[in-house]
Amino acid sequence: MVWGLLFHPQSPETEAIASLLADVLVLSAAVFSLVAALVVASLVRPRRARGEPEGRRILDAKAARARIEAIWTCVTVIVLGGLFLLTVRAMAKIDAPLEPGTAPDLVVTGHQWWWEAQYPNGVVTTGEIHIPAGHRLLVRIDSADVIHDFWVPQLARKMDAVPGLDGYIWLEANKPGRYQGMCSEFCGAQHAWMHFVIIADSEADFSSWLKSQAQPATQPSGSAASEGARLFLEKKCGDCHAIAGTAAKGGNGPDLTHVLSREFLGAGIARNTPETVALWLTNPQAAKPGNRMPDPHLSDAEASALAAYLGTLK
Amino acid sequence: MSVGNWITRVDHKHVGLFYILSALAFFLVGGMEAMALRAQLAMPNLKLLTPDQYNQIFTMHGTTMIFLVVTPVLIGFGIYLVPLMIGASEMVFPRLNALSFWLQLAGGLLLYLSFATGQAPAAGWFSYAPLSEKPFSPGKGSDYWAFALLLISAAMIIAAINLAVTVATARAPGMTMRRVPLFVWMTFVNSLMIVFALPVLDASLVMLLADRLLHARFFDAAHGGSPLLWQHYFWIFGHPQVYIMILPAFGMISEIIPVFSRNAIFGYTSAALSTVAIAFLSYGVWVHHMFAVALGTTFISVFAAASMLIAVPTGVKIFNWAATMLGGSLRLTTSMLFAVAFLLEFTIGGLSGVAFATVPVDWELTDTYFVVAHIHYVLFGGTIFALFAATYYWFPKMTGRMLDEKLGRLHFWLVVIGFNGTFFVHHILGLLGMPRRIYTYGDIPWWGPLNLISTVSAAVLVLGILLFCTNLVVSLQLGAVSGDDPWDAWTLEWAASSPPARNNFAEIPVVRSRRPLWDLKHPDAADWLLEETPVQGGD
Ligand SMILES: [Cu+2]
């Protein structure tokens, strides 16, 4: 997976950005070369012969000077005018207007320090957001706490997630693939690990994913897992985490209904493996320093029961 | 000298030097902070700093460099030079002048005192609400930050009023506003900008403190406040502030390039007027810091147009300097080398600025390392380079001794290589998607090597700066004695002794043109002879 946009735009919107960016870079290189050429020319100019009265040259040529200044200014204005037209055109393409009252296809909410995505059918997922490739989705960007910024360099413009202000963007991937995203507005201790992935699926894959995510959590079988399910509520995990089909309905932490189906924990800081889950349960502050999950103070037995339970949440 | 003796100094030259020296001290502190940040980022997944430490240090680095280094050092040069350049014996309000410095220093110390509470500010130098609000920044750091900035802004406003009044009322006979050196012009405009911009910062700081300490709700969306209120207020101050940190540097360059090109500035009037244009425009572009907020495309494109417009007067300046050099014959002193490098580095910073005015590019690159590159090309490649040029240029006037040119050249090359090595790669990192202000990153193609290049180059840069400090100390003792006018320059400060006497001038030379000392040295070819003949006259 290549990060960043410049060489790999993967949607019509970012293609527009990339081509404008290329124009700007070429223009900048040209202007810089011009200034550098002037500097070099003045460096290599032969030093004036001794005795020649110094320091008078420019004072003498007022009319010529005014003309040169006017030309220079006009050229800058014209070039910038052209750039402005290109800018407005690209903006219209990227932020295509929407019908008033259009409902979003996806609502993404930034939390310190993880991303939640909500689908119209009620499915909620964290950090690994599936979309159907080739469809342009309207995404609403919200924040639950401080200002974050939703950014998938290859697929879409940035949009700040500001509390109390809905931002809308178009999100689209030309073809199936995994596209890295990250929070791009400083948002506190773990701003660095507020990653997410957009997973663009074929239509069939997307609908089967959506269907499986819509299932409530599987009822735990086996004594350890059942004990874990009981502990989950007893230890107040449910105050922060939701697990569909159980009494756990908290919204301050990631929805764990299908936590096993995800590749990463802690918004990208670690892969989702039995070991990292165990660390997350016994010492969340070591797993992700400063994160908003307090140490639950579990005994080893409780931790392994909870881990067994989480291990059933496919 | 006893402490009491120091505190009661009101001579503008002492106050100016206090400003400059305290800024230098904070520059070293801010530089050490920067090195800590670069060390932590040298490779993926390093753990030299905890996330919380990293966030405190980058916040302190930005706040220090902006409020304790760049802004005050430019004010300090203004306080030192403006009276000399306009042929005055002192600032108009000498005691206020001293007060402004001590307030500034108190602000700096208060900011650093926050470390003693165990929690320095950690919300970034623009401290966006609601992150800076109590629930998300419970430590005392943000309170210290806000109070320190209130002190500093009071200092800035006092100094600015003083400078503006001095320029307006204390000019020597014959020194009309059409004849003052461009550094004076730009300091004058700068002072007016400070007077209009800083109160807006004060208002936002007071709102923040009210929220934090008095349970107000200015920025709390859940209770009818708005986080965007902070952004609008802060950037209405913040964008003019960006120019407050560069205009006097433009002024310095406008003094130095002509002298070392042996040529009067090309287009004095357009250089002065473009400054005024920049000042006006800078109040109408603040939203370009907020393009990634959902503000609506029409609204945003107005600010995009205004932001692009600023490139016009800035381009005029670049052209003025380049044309002055082109028409002259250069003397490549260390001071001039830095001035020439300024021209190139600042052009790069200006061009990346235009890139950000191109809204969709901003939608991609804002808050990435591309911004980090941009601000450092403008503030370091721009202002700090100009300050190095200015130090080599005016050190003889301030101390009576020359800075060593051999050390100077070494300093120059280390800084040029270190600076570009550190910051040029940040453009590429931004294009590769690296967000700014992250305390670490995973193993992502190219990020590791590019960050390593940046960190190693930063060490070279630090070496260059240490060499500069060595040069200051050594030359102060052993430097060649400079005499009053070592550069064969044209403005009035060179008519005073080096260092100037308490009242600056025994006798003020007659001012009949923009280059009174040229006139004095070349009575047959004096500028005023030309200026008084309209056909060929100056502008
Ligand atoms: Cu965030």
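Residues numbered from 1 in each chain as written. Chains lettered and ligands numbered in written order. Predicted model: local features only at pLDDT ≥ 70, side-chain atom pairs only at ≥ 80, totals over all residues. Heavy atoms only, no water.

**Remarks on the overall build of chain B**
- In terms of helices and strands, chain B carries 17 helices and zero strands.
- On C-alpha atoms alone, chain B measures out to a radius of gyration of 23 Å, which is about the 24 Å that the 2.2 N^0.38 rule sets for 539 residues.
- A principal-axis box enclosing the C-alpha atoms of chain B has dimensions of 70 × 50 × 50 Å.
- Counting across all 539 residues of chain B, residues that qualify as buried make up 66%.
- Summarising the internal contacts of chain B: among those between residues at least 6 apart in sequence, 81% fall at separations of at least 24. (Helix = DSSP H or I, 4+ residues; strand = E, 2+ residues; numbered from the N terminus. Rg over C-alpha atoms; globule rule 2.2 N^0.38 Å. Buried < 20%, exposed > 50% of the residue type's maximum accessible area, 1.4 Å probe, protein only. Contact = heavy atoms within 4.5 Å.)

**As for the packing of helix H6 (residues 182-214) of chain B against helix H7 (residues 227-244) of chain B**
Residues and elements named next belong to chain B.
- Interaxial distance between H6 and H7 falls to 9 Å at its minimum, and their mutual angle equals 155°. Compared by their axis directions, H6 and H7 come out roughly antiparallel. Every pair of crossing elements has a handedness; the one defined by H6 and H7 is left-handed. On H7, the residues touching Asn190, Met193, Ile194, Ala197, Leu198, Val200, Leu201, Ala203, Ser204, Leu205, Met207 and Leu208 of H6 are Leu229, Trp230, Tyr233, Phe234, Ile236, Phe237, Pro240, Gln241, Tyr243 and Ile244.
- Tallied by class, the residues present in the contact of H6 with H7 amount to 19 nonpolar, three polar and no charged. (Axes fitted to C-alpha atoms, helices over the stretch in contact; angles between N-to-C directions. Parallel < 35°, antiparallel > 145°, perpendicular 65-115°, else oblique. Left-handed = near helix turned anticlockwise from the far one by under 90°. Nonpolar A, V, L, I, M, F, W, Y, C, P; charged D, E, K, R; others polar.)

**Looking at the interface of chain A and chain B**
- On the chain B side, the residues contacting the 78 residues of chain A number 93 residues.
- Summed over both sides, the interface between chain A and chain B buries roughly 7,200 Å², with carbon and sulfur atoms accounting for 71% of that surface.
- Counting across the chain A and chain B interface gives zero salt bridges.
- On inspection of chain A and its partner chain B, the count reaches nine residue pairs in polar contact (both at pLDDT 80 or more).
- The element that contributes the greatest number of residues to the side of chain A that touches chain B is helix H3 (residues 62-94) of chain A, accounting for 15 residues.
- Classifying every residue of the side of chain A that touches chain B by side-chain character gives 46 nonpolar, 13 polar and 19 charged. (Buried area = accessible area lost by both parts, 1.4 Å probe. Salt bridge = Lys/Arg side-chain N within 4 Å of Asp/Glu carboxyl O. Polar contact = N/O pair within 3.5 Å; in protein donor to acceptor, adjacent residues only side chain to side chain.)

**Structural notes on the coordination of the copper ion**
Residues and elements named next belong to chain A.
- Protein-derived ligands of the copper ion are His148 (ND1), Cys183 (SG), Cys187 (SG) and Met194 (SD), with the metal-ligand distances lying across 2.1 to 2.5 Å.
- Its four donor atoms give the copper ion angles of 89 to 129° at the centre, a pattern that matches the tetrahedral case.
- Along the chain, the residues donating to the copper ion are arranged with the sequence spacing H-x34-C-x3-C-x6-M. In this pair, His148 sits in strand S6 (residues 148-151) while Met194 sits in the loop between strand S9 (177-183) and strand S10 (195-201), placing the two residues 46 residues apart along the sequence. Here His148 and Met194 have matching classes, each one buried. (Donors = N, O, S within 2.8 Å, 3.2 Å for Na, K, Ca; no water. Tetrahedral: all angles 85-135°; square planar, octahedral: opposite > 155°, others 65-115°.)

**Examining the pairing of S10(A)**
Residue and element names in this part refer to chain A.
- In terms of residue burial, S10 counts as a mostly covered element, since seven of its seven residues are buried.
- Along S10, one buried face is formed by His195, Val197, Ile199 and Asp201 and the opposite face, lined by Phe196, Ile198 and Ala200, is buried too.
- With five bridges connecting them, strand S4 (residues 128-132) and S10 associate as parallel partners. What sits directly across from Ile129, in S10, is Ile198. (Pairing = 2+ DSSP bridges.)

**Overview of the confidence of the model for chain A**
- The share of residues in chain A with pLDDT of 70 or more is 92%, and the mean pLDDT across the chain is 89.
- Segment residues 49-53 of chain A: pLDDT under 50, and two contacts once partners within four positions in sequence are set aside and those in other chains are kept. (pLDDT = per-residue confidence, 0-100.)

**Quick look at the environment of B:Gly284**
Residue and element names in this part refer to chain B.
- By the secondary structure assignment, Gly284 is in the loop between helix H9 (268-282) and helix H10 (297-327).
- The class of Gly284 is partly exposed, set by a relative accessible area of 28%.
- Residues Gly284 and Ala306, 22 residues apart in the sequence, show an inter-C-alpha distance of 6.7 Å.
- Dropping the residues within four chain positions of it, Gly284 is found in contact with Phe303 and Ala306.

**A word on the packing of aromatic side chains**
All names here are of chain B.
- Summed over the entire model, instances satisfying the criterion amount to 61 aromatic pairs over all chains.
- Taken together, the ring pairs connect Phe27, Phe338, Tyr377, Phe380, Phe385, Phe388, Tyr392, Phe412, Trp413, Phe419, Phe423 and Phe468 into an aromatic cluster.
- The ring of Trp528 carries the charged tip of Arg512 above its face, separated from the ring centre by 3.5 Å.
- The lysine or arginine in question, Arg515, covers the ring of Trp518, its NZ or CZ lying 4.6 Å from the ring centre. (Phe/Tyr/Trp six-rings, centres within 6.5 Å; stacked < 30°, edge-to-face > 60°. Lys NZ or Arg CZ within 6 Å of the ring centre and 35° of its normal.)

**Points about H9(B)**
- If you check H9(B), its first and last C-alpha atoms are 21 Å apart, about what 15 residues at 1.5 Å a residue would give, namely 21 Å.
- When we look at burial in H9(B), the residues that qualify are B:Tyr268, B:Ser270, B:Ala271, B:Ala272, B:Ser274, B:Thr275, B:Ile278, B:Ala279 and B:Ser282. (Expected span 1.5 Å × (residues − 1).)

**Observations concerning the domain arrangement of chain B**
Residues and elements named next belong to chain B.
- The domain architecture assigned to chain B consists of domain 1 (3-508) and domain 2 (511-539).
- Taking only C-alpha atoms, the centre of domain 1 and the centre of domain 2 are 34 Å apart.
- Taken together, the contact pairs 18 residues of domain 1 with eleven residues of domain 2.
- Here domain 1 meets domain 2 over a buried area of about 1,300 Å², counting both sides, of which 56% is carbon and sulfur.
- Looking only at domain 1, the three residues that lose the most surface to domain 2 are Arg178, Arg179 and Trp490, adding up to 45% of its buried area.
- Where domain 1 touches domain 2, the interface holds two salt bridges.
- Asp488 is paired through a salt bridge with Lys521; the nearest N and O atoms lie 2.7 Å apart.
- At the boundary of domain 1 and domain 2, one finds seven residue pairs in polar contact (both at pLDDT 80 or more).
- Across the side of domain 1 that touches domain 2, the residue classes break down as nine nonpolar, five polar and four charged. (Domains from an automatic or database assignment.)

**Side note on the sheet that holds strand S7 (residues 159-161) of chain A**
All names here are of chain A.
- Taken in spatial order, the five strands make up an open sheet running S4-S10-S9-S6-S7, and their pairing is mixed. What marks the edges here is a single partner per strand, and that holds for S4 and S7. Averaged over all adjacent pairs, the angle separating strand axes in this sheet is 25°, with direction ignored.
- Set on the sheet, helix H4 (residues 203-214) makes contact with S4 and S10; between it and S4 the angle comes to about 135°.

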